[in-house]
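Each chain, letter by letter, is given below.
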Amino acid sequence: MGITTSGQSLKESMARGKQIYKNECIACHMENGEGLTGAFPPLANSDYFKEDISKAVDVILNGLEGEVVVNGVTYFGVMDPVPLSDQEVADVLNYIRNSWGGKEKELTLVDIQKMK
């Protein structure tokens, strides 16, 4: 288990991230992170973010409009920016990347700050 710059474990970060996910993401990306085919892209096991996690940081903080291809499926739409702190971005991405069968390196506050 990794340690964030605030001394929190990955497990604690994911617990905070799960709450953020429930508040900000679940309506479109669903409880299991699978999204809705043709409407909202999946976050669970998403090849779009595996290639470059900084894209996820950008999408969360700045939103996304237009075409995006995720796991071979093309989506058209709009996602508004989500007003989160850098630590909240790290927490929600730790939850997304380590849930639903995923197992990724922990992201820290410093990682998010470097990607912005």
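A.B. asks: Which parts of the structure should I look at to understand the overall build of the chain?
C.D. replies: Secondary structure assignment for the chain yields 6 helices and 2 strands. Sequence-ordered secondary structure for the chain, helices as α and strands as β, is α-α-α-α-β-β-α-α. Relative to the 2.2 N^0.38 estimate, which gives 13 Å for 116 residues, the radius of gyration of the chain is 13 Å and therefore close to what a compact globule would have. Summarising its shape, the C-alpha atoms of the chain cover approximately 40 × 25 × 25 Å along the three principal directions.

A.B. asks: Help me out: how do you make sense of the packing of helix H4 (residues 54–62) against helix H5 (residues 86–97) in this one?
C.D. replies: Any two packed helices are characterised by how steeply their axes cross, that is the angle between the axes, and by the distance between the axes. It is the contact of H4 with H5, at a shortest axis distance of 11 Å, that shows an interaxial angle of 125°. Here H5 runs oblique to H4, going by the angle between their axes. When you trace H4 past H5, the crossing you get is right-handed. Contact residues: Ala 56, Val 57, Ile 60 and Leu 61 in H4; Val 89, Val 92 and Leu 93 in H5.

How each quantity is defined
- Residues numbered from 1 in each chain as written.
- Predicted model: local features only at pLDDT ≥ 70, side-chain atom pairs only at ≥ 80, totals over all residues.
- Heavy atoms only, no water.
- Helix = DSSP H or I, 4+ residues; strand = E, 2+ residues; numbered from the N terminus.
- Rg over C-alpha atoms; globule rule 2.2 N^0.38 Å.
- Axes fitted to C-alpha atoms, helices over the stretch in contact; angles between N-to-C directions.
- Parallel < 35°, antiparallel > 145°, perpendicular 65-115°, else oblique.
- Left-handed = near helix turned anticlockwise from the far one by under 90°.
- Contact = heavy atoms within 4.5 Å.

The values reported here are purely geometric and, on their own, carry no functional implication.
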